[in-house]
Amino acid sequence: MAGDRGLLLLVLSVAAVAGVASAAGPFLSDSVFQVTAGSTGRSLLQARTDCPVNFEFQNYTIITSKCKGPKFPASQCCAALKEFACPYYMYLNDESSSCASTMFTYINLYGKYPPGLFSSECKEGKLGLSCADVPQKVVSTASGGQHAQSSLLAWITVLSVVMSLLFL
């Protein structure tokens with residue numbers, strides 16, 4: 001009987017964590033900016049996986065038309081960055097991929113922005129830049145990684161509820 005209660009507590013804990021993670025909403029992690037700020041450390045020794053998003057052929061006018069020098073107003077630049085990057089937040093937050101560094105390489109190439117502009121100007125909450133207020137659009141990639149993660153979260157939640165009902 002005590003083992004059943006322990007298992008039930010474990011299942012409910014997993015469900016609660018999954019619910020909190022999904023309630024936080026989409027965001028761009030602060031670690032996205034570390035690739036442009038000259039980070040050093042262990043991650044340099046680890047091979048990064050290829051990004052499933054082809055950032056080479058994206059339309060960067062969303063950013064370059066709104067974020068202009070010489071003053072680079074933070075409100076306009078950050079809003080433009082979020083509008084461009086938020087649809088890809090799942091890929092950009094993956095520290096094992098080259099997505100964030102590739103994206104910022106092209107942003108800086110097309111916009112000719114000073115180093116660290118976005119990392120120093122664009123700050124919001126503890127999690128990073130919130131994408132909750134940015135309209136999401138469908139993005140095409142070589143794989144369905146975002147859909148797979150959403151499906152996994154849904155399955156974990158459903159499985160947790162079913163398991164808790166079985167042990168009641």
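The coordinates are above.
In this report, the structure presented in the accompanying data block is examined. Values in this document were obtained by computation on a predicted structure and should not be read as measured data. (Residues numbered from 1 in each chain as written. Predicted model: local features only at pLDDT ≥ 70, side-chain atom pairs only at ≥ 80, totals over all residues. Heavy atoms only, no water.)

## Digging into the overall build of the protein
Inference 1: Per the secondary structure count, the protein includes 7 helices and 2 strands.
Inference 2: Expressed as a percentage of the 168 residues in the protein, the buried residues total 30%.
Inference 3: Excluding contacts between residues fewer than 6 apart, the proportion of contacts in the protein whose partners are at least 24 apart in sequence is 83%.
Inference 4: Total accessible area on the protein is roughly 10,400 Å²; 62% of this is exposed by carbon and sulfur atoms. (Helix = DSSP H or I, 4+ residues; strand = E, 2+ residues; numbered from the N terminus. Buried < 20%, exposed > 50% of the residue type's maximum accessible area, 1.4 Å probe, protein only. Contact = heavy atoms within 4.5 Å. Areas by Shrake-Rupley, 256 points an atom, 1.4 Å probe, with all protein chains shown as cover.)

## Considering the environment of F57
Inference 1: Within the secondary structure, F57 sits in the loop between β1 (27–29) and α2 (61–64).
Inference 2: Note on F57: relative accessible area 64%, which makes it exposed.
Inference 3: With 49 residues separating them in the primary sequence, F57 and Y106 have C-alpha atoms 9.3 Å apart.

## So, the state of the cysteines
Inference 1: This model, assessed by the stated rule, comprises 4 disulfides.
Inference 2: Across a sulfur-sulfur distance of 2.0 Å, C51 and C99 are joined as a disulfide pair. Between C51 and C99 the sulfur-sulfur dihedral comes to about 100°; the bridge is accordingly right-handed. One end of the pair, C51, is in the loop between β1 and α2; the other, C99, is in helix α5 (residues 99–111), with 48 residues separating them in the sequence. (Disulfide = S-S within 2.5 Å.)

## Focus on the nonpolar core
Inference 1: One finds F55, I63, L81, F84, M103, I107 and F118 to be the most contacted residues of the largest nonpolar core, which totals 28 residues.
Inference 2: Sorting the residues of this core by element identifies α2, α3 (74–85), α4 (89–92), α5 and α6 (117–121) as the ones contributing at least two each.
Inference 3: In this view, I63 contacts A80, L81, F84, I107, Y113 and F118; residues no more than four positions away in its chain are not counted.
Inference 4: The next biggest cluster of nonpolar side chains, apart from the first, holds 5 residues, and it includes C86, Y89, C131 and V134. (Core = buried A, V, L, I, M, F, W, Y, C linked by side-chain atoms within 4.5 Å.)

## Description of unusual backbone geometry
Inference 1: Note the cis peptide between G69 and P70, where omega equals 10°.
Inference 2: Mapped onto the elements of the fold, P70 is located in the loop between α2 and α3.
Inference 3: With a phi close to 45°, F72 is a non-glycine residue in the positive phi region.
Inference 4: With respect to the helices, strands and loops of the structure, F72 is situated in the loop between α2 and α3.
Inference 5: Residue F72 is classed as buried on the basis of its relative accessible area of 16%.
Inference 6: Positive phi is not limited to glycine here, since K112 has a value of about 50°.
Inference 7: Mapped onto the fold, K112 is located in the loop between α5 and α6.

Bear in mind that shape data such as this cannot, by itself, settle questions of function.
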